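Descriptive structure summary
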Amino acid sequence: MHQKKAVAQAVSLALAYAALGAPAMAQETQGAVQRVEITGSSIKRASTETASPIQTISREDLAKSGKGTVAEYLQTLTADGAGSLPTGFGNGFAAGSTAISLRGLGATSTLVLLNGRRMAPFARADDGQKSFTDLSTVPMEAVERIEILKDGASSLYGADAIAGVVNIILRKDFTGLALKAETGISGDRDAKMAKGTLTWGTGRLDEDGYNWMINLESFNNKEVKARDRADRDWIGHGDIRPWGYAANTQFAAGYITPGASSATPTGALRNPATGNYVSLPGCSQFSVTTAQDPAGGCLWYADQFRSMMPEIGGVNLYTRFTKNLDGDLQLYAEAGYSKRDTSFTLTPPATSSTVAFPPNAANPTGVINYGNTILMSARHPQNPYGTDVRLRYSMFDVGPSTRSVDNSFNRFVIGIKGQRFGWDFDTAYLHSQSSLHLDYSNMINMRVLQQALGNPASSLFPYYIGTQAGRNPASLYAAMVTNATSDSSTKLDIVDFKASRELMQLPGGALGVAVGAEHRREKLDNPSLSGTADGSINASYVAAMGSQNISAVFVELAAPVLKTVELSAALRYDKYKNFSSTTPKVGAKWTPLRTFALRGTYSEGFRAPGPAESSVTSQSTGSSSVRDPVRCPGGVPAAGGATQADCAISIGAVKVGNPALQPETSKGTTLGLVWDPLANTSMSLDGWKIKRSNEINPLSYVEAAALPTAIRNDNNLVVGGVVQPNTGTLLLSKAPYQNSSYTEVKGIDLDIKQRIPMGDLGRGVVGLTWTHVASWVRAEQNGTRFQYAGTHGNCDTSNCAGTPKDKISATASWDRNGLNVTATANYRADMQNTYFAGDKCASQFANGTDAPGDCRLASFTTIDLSARYQVSPQLQLYGSIQNLFDKVAPLDPLTYGGMSFNPMDASGAIGRYFKVGARYTF
């Protein structure tokens, strides 16, 4: 039966390949054809169509989209998947950054280049593990085009190019002066933005022999609080009871369950006689939630404080100088600087944090559960029990914590290129650095807190809580409340050389060859926040440090063996300190007709363990939603005191560097066609498959939660009067980095473009890009397989945004007499609300039925509209409306990347958004 099913699938896929096709065969032009270098190859060629699938985004495409940044545009690509980092993810490890994740394999498996060369990665690894390139450092106005290589390219670029390459190519020549200003506002009259750009250039390369251009961009985006969307259905709501859910969902706090309580603004004390918590009075002074906890807690939700979109301000500067020298040589230099300051508001601190840090002599476990160790003294005026008691308290008197993330980035390249001895060559030196200053306000010195609550002999005692907090002196807060800071940096230095030439004539044309070499040094210095090294503040230790030198050589061939057949091959050798890697790639393109071609590639790739993963000094603690296998077996709360909250609980996972890690390896294939069936129609269809083996992952949160090493509270289940040991509320799991088995993803990309001549009425273009993920499987070392395609998993990856099977982007554009109007529709398919295929539903309504309806997160479609008008040769006016029909994002109860909405649907959370601007050239 399985054989028949496999044959049927193969036949279906073959028929799909035969029936469909996407963008664009290069159109033939008259006269001499200029040879150009395409992303994924170092050999200059006349045709921009290679054996590899490449999506090219022009400067015009960016302008028509109405998007404000490169990151915003790239995250609408259908090939972008789980693990990308949106701007609004302010509570993540890498808050203040943005990244793309091709094929959903994570930002660390997508190589981002600027003008064909690397950039220093963001100075804090995402999830404490994954190094990636921050897209927010790229000035959008300076972009000439973006090339997306949708298959592996380690044979040319080395590590990280497993899922593909994003090559952002900036303008290299500009003359004159251009000023641009734009502003935006949401339909709710908030989320205001402003951006100004100046571009100046002088000198024409062909006439003057030089060009110097400068681009300067300044921007500011105002914060949006979650409560600012209180009238937009469930958007930004922590309390989703009006839509059928229980009170104690992931953004709730202050509720009481048997033997436990979450942090409450009044304070809740544990009654030593019953073991249950009792809330102190005065809830209405703090919580805006009117439908309160029937168990007597003081229920409140994170949207009372938390940001939905952060405050962002900054500048981007880019300059390039090019000078023609004698003898067909050209000197070039480019420099870039970016500064971006981000501020994101979270909730007030709590007295019951569980923190992790490197083990030491005083604490060999490296974990402190302050919920058990911080007690309110029997002599505290607010303690009625006559003995020391545990408490749960959210410190509203201190106020919410704000994460300020100030990132600066610089990059300098100087090089020379030209022709010598029959070779086209290019050699350069690159230096790039990313620096990050973190400042977390209203953090708590837990040792001072411990003294202020529990030691009557301390000069800080007593610390009054809840309604009596106004009695506390300022000196207490000065001693107890602190800012936690850290300063991190990454540095990248590269010397490279490459050369290409034609070797000999083959039946189909000249045999092209390219050779190259590269040496680079990478350094990461990411110390943890102050106070976390010994667990003395209410945050876990997150640090990574290390450096490495890499040397590499490569060779590439392009062989037109027949008029209709071109073969290509590349091979690269990379040498690291502890290992080496040899990665090949081969490709073939058959063009039996001028309007039709078949193409395919096979590639191998690798990703080296980063310092965050392999250094013994590296450690991080992440968080995710899991179903507690002990207190919610089979998706049902266990007898003896478990509740529905245990079936979707947010926990931490301690991840420690492992120097024994080996590099990840990959094998990828693509097979597709390019077809121009009509004069104004172009199509392409590509099937793709990537298998990434020897993966570097922490033990999955689901598996780690089931281990006896998981840290639990002591509110153990009581069944038939018998206490069940080690069954308390799950707090923390230990998930060390390991080389797990593999991930295998496969699917198809379809791209169609139709040009519509309209005579005097102008011209129209419609296009469609579709990515279908047929399978996304992750296998663990023990043989367990998780199928994530079409589900809300993989929740071990940033945001827990999910893996929809289908994403579609469709555009319709019309031009006439200097006017352009473009409409863009973006579609995300529905997803099962399960952690993986075949699993129980990840969320339930209050009545115990699966949630959302049929345990599926609804699909989501938005339409954006933009227009530009060339008033005169100098003046252009433009505007856009994002989410034209003001569609509301579906309610998502599982993700932690957005409050009750999926981060992929952020435009449906902000709502309709208007932007206008003007550009004037001198």
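Scroll up to find the structure this text is about.
Keep in mind that what you see is a predicted model, and the values were worked out from it rather than measured.

**Notes on the overall build of the protein chain**
A tally of helices and strands in the protein chain yields 11 helices and 52 strands. Since a compact globule built from 922 residues should have a radius of gyration of about 29 Å, the 29 Å found for the protein chain is in line with a globular shape. Considering only C-alpha atoms, the protein chain reaches an extent of 95 × 65 × 55 Å along its principal axes. The burial tally for the protein chain puts 57% of its 922 residues in the buried class.

**Comments concerning the pairing of strand β8 (residues 210-221)**
Pairing analysis gives 10 bridges linking strand β7 (residues 193-202) to β8, with the strands arranged antiparallel. Within β8, the position partnered with Leu198 by the bridge is Leu216. Here β8 runs beside strand β17 (residues 311-325); their pairing, made up of 12 bridges, is antiparallel. Considered in β17, the bridge of Asn221 is made with Ile312.

**A look at the packing of aromatic side chains**
In total, this model carries 19 aromatic pairs according to the counting rule given. Ring geometry for Tyr920 against Phe922: centres 4.8 Å apart, planes inclined by 65 degrees, an arrangement best described as edge-to-face. Given a relative accessible area of 34%, Tyr920 falls into the partly exposed group. Its relative accessible area of 60% is what places Phe922 among the exposed residues. Three or more aromatic residues joined by ring pairs form one cluster here, namely Phe286, Trp300, Phe305 and Phe396. In this arrangement the basic side chain of Arg103 is found over the ring face of Trp688, its NZ or CZ atom lying 4.0 Å from the centre. If you follow Lys417 out to its NZ or CZ, it ends over the ring of Tyr332, 5.8 Å from the centre.

**A closer look at the sheet that holds strand β5 (residues 164-170)**
With mixed pairing, the 5 strands of this open sheet are ordered in space as β1-β4-β5-β2-β3. Whereas interior strands pair on both sides, the edge strands pair on one side only; in this sheet they are β1 (54-58) and β3 (117-118). Pairing between strand β2 (residues 110-114) and β5: 5 bridges, direction parallel. Bridge pairing in β5 links Leu113 to Asn167.

**Some remarks on a positive patch on the surface**
A contiguous patch of positive charge, built from Lys667, Lys691, Lys746 and Arg785, is present on the exposed surface. Inspection of the secondary structure assignment puts Lys667 in strand β33 (residues 664-678).

**Points about the pattern of salt bridges**
Applying the stated criterion across every chain, the model contains 39 salt bridges. Between Arg103 and Asp749 there is a salt bridge; the shortest N-O distance is 2.6 Å. With a gap of 646 residues between them, Arg103 in the loop between α3 (70-74) and β2 and Asp749 in strand β41 (residues 742-757) connect regions that are remote in the sequence. You'll find Arg103 and Asp749 in the same group, each marked buried.

**Focus on a negative patch on the surface**
A surface patch of negative charge is lined by Asp173, Asp206, Glu207 and Asp208. Inspection of the secondary structure puts Glu207 in helix α5 (residues 205-208).

**What about the pairing of strand β44 (residues 806-816)?**
Of the pairings in the sheet, the one linking strand β42 (residues 763-779) to β44 comprises 10 bridges and is antiparallel in character. Pairing of Leu768 across the sheet is with Ala810, part of β44. Here β44 runs beside strand β45 (residues 819-828); their pairing, made up of 10 bridges, is antiparallel. Looking at β45, one finds that Ser809 is bridged to Asn826. Hairpin connection of β44 to β45: 2 residues between the antiparallel strands, including Asn817 at a positive phi of 50 degrees.

**Let's talk about unusual backbone geometry**
In this structure, Pro462 follows Phe461 across a cis peptide bond, with omega equal to -5 degrees. In this structure, the amide linkage connecting Ala851 to the following residue, Pro852, adopts the cis form with an omega of -15 degrees. Relative to the assigned elements, Pro852 resides in the loop between β48 (850-851) and β49 (856-857). Of note, Asp854 is a non-glycine position whose phi angle comes to about 60 degrees, a positive value. Looking at where Asp854 falls in the secondary structure, it is placed in the loop between β48 and β49.

**Concerning the state of the cysteines**
For the structure shown, the criterion picks out 3 disulfides. What pairs with Cys632 in a disulfide is Cys647, and their sulfur atoms sit 1.9 Å apart. The S-S bond linking Cys632 to Cys647 shows a torsion near 95 degrees; that makes this disulfide right-handed. Within this pair, whereas Cys632 is found in the loop between β31 (619-626) and β32 (649-656), its partner Cys647 is found in the loop between β31 and β32, the two being separated by 15 residues in sequence. Here Cys841 pairs with Cys855 through a disulfide, and the sulfurs are 2.1 Å apart. The sign of the S-S torsion, about 105 degrees, decides the handedness of the disulfide formed by Cys841 and Cys855: right-handed. Placement of Cys841 in the loop between β46 (831-832) and β47 (843-844) and of Cys855 in the loop between β48 and β49 is noted, with a sequence separation of 14 residues between them.

**Here's the deal with the environment of Ala226**
Along the chain, Ala226 falls in the loop between β9 (224-225) and β10 (252-253). Using a relative accessible area of 2% as the deciding quantity, one classes Ala226 as buried. When the C-alpha positions of Ala226 and Ala302 are compared, they lie 8.5 Å apart, and in sequence the two are 76 residues distant. Excluding residues that lie within four positions of it along the chain, Ala226 makes contacts with Ile235, Gly236, Asp303, Arg306, Ser307, Met308 and Met899.

**Brief notes about a nonpolar patch on the surface**
Together, Leu179, Leu198, Leu216, Val315, Leu317, Tyr337, Tyr920 and Phe922 line one region of the surface with nonpolar side chains, adding up to about 670 Å² of accessible area. Checked against the element boundaries, Leu216 lands in strand β8.

**Observations regarding the nonpolar core**
One finds Leu74, Ile146, Val166 and Ile168 to be the most contacted residues of the largest nonpolar core, which totals 53 residues. The greatest single-element share of this core, amounting to 4 residues, is contributed by α3. Ranked by size, the runner-up nonpolar core spans 27 residues in total, among them Ile374, Met376, Val389 and Leu453.

**So, helix α7 (residues 446-454)**
Residues of α7 that are buried include every one of Met446, Val448, Leu449, Ala452 and Leu453, and no others. Along the axis of α7, the buried residues cluster in a sector spanning 155 degrees; they form a single face. As for α7, its buried residues are in contact with α6 (370-373), β21 (375-376), β22 (389-392), β24 (423-444) and α8 (474-480).

**As for the side chain of Lys67**
As for its placement among the helices and strands, Lys67 is situated in the loop between α2 (59-65) and α3. Judged by its relative accessible area of 17%, Lys67 is buried. Looking at Lys67, its side chain comes within polar contact range of the side chain of Gln882, at 2.8 Å.

**Concerning the environment of Val555**
Along the chain, Val555 falls in strand β27 (residues 544-562). Ignoring sequence-local partners within four residues, the contact set of Val555 consists of Val513, Ala514, Val515, Ala569, Ala570 and Leu571.

**Brief notes about the sheet that holds strand β14 (residues 277-279)**
Within the open sheet, the 4 strands sit side by side as β14-β13-β22-β21. Their pairing is antiparallel. A single partner strand is all that each edge strand has here, and the edge strands are β14 and β21. Two strands pair when backbone bridges link them, and strand β13 (residues 268-270) and β14 are joined in this way by 3 bridges, in the antiparallel orientation. Among the inter-strand pairings, Arg270 is bridged to a residue of β14, identified as Tyr277.

Cut-off values and rules
- Residues numbered from 1 in each chain as written.
- Predicted model: local features only at pLDDT ≥ 70, side-chain atom pairs only at ≥ 80, totals over all residues.
- Heavy atoms only, no water.
- Helix = DSSP H or I, 4+ residues; strand = E, 2+ residues; numbered from the N terminus.
- Rg over C-alpha atoms; globule rule 2.2 N^0.38 Å.
- Buried < 20%, exposed > 50% of the residue type's maximum accessible area, 1.4 Å probe, protein only.
- Pairing = 2+ DSSP bridges.
- Phe/Tyr/Trp six-rings, centres within 6.5 Å; stacked < 30°, edge-to-face > 60°.
- Lys NZ or Arg CZ within 6 Å of the ring centre and 35° of its normal.
- Patch = residues over 30% accessible without salt bridge, like charges linked within 9 Å, V, L, I, M, F, W, Y side chains within 5 Å.
- Areas by Shrake-Rupley, 256 points an atom, 1.4 Å probe, with all protein chains shown as cover.
- Salt bridge = Lys/Arg side-chain N within 4 Å of Asp/Glu carboxyl O.
- Lys, Arg positive; Asp, Glu negative; His and termini not counted.
- Charge placed at Lys NZ, Arg CZ, Asp CG, Glu CD.
- Disulfide = S-S within 2.5 Å.
- Contact = heavy atoms within 4.5 Å.
- Core = buried A, V, L, I, M, F, W, Y, C linked by side-chain atoms within 4.5 Å.
- Arc of directions from axis to C-beta.
- Polar contact = N/O pair within 3.5 Å; in protein donor to acceptor, adjacent residues only side chain to side chain.

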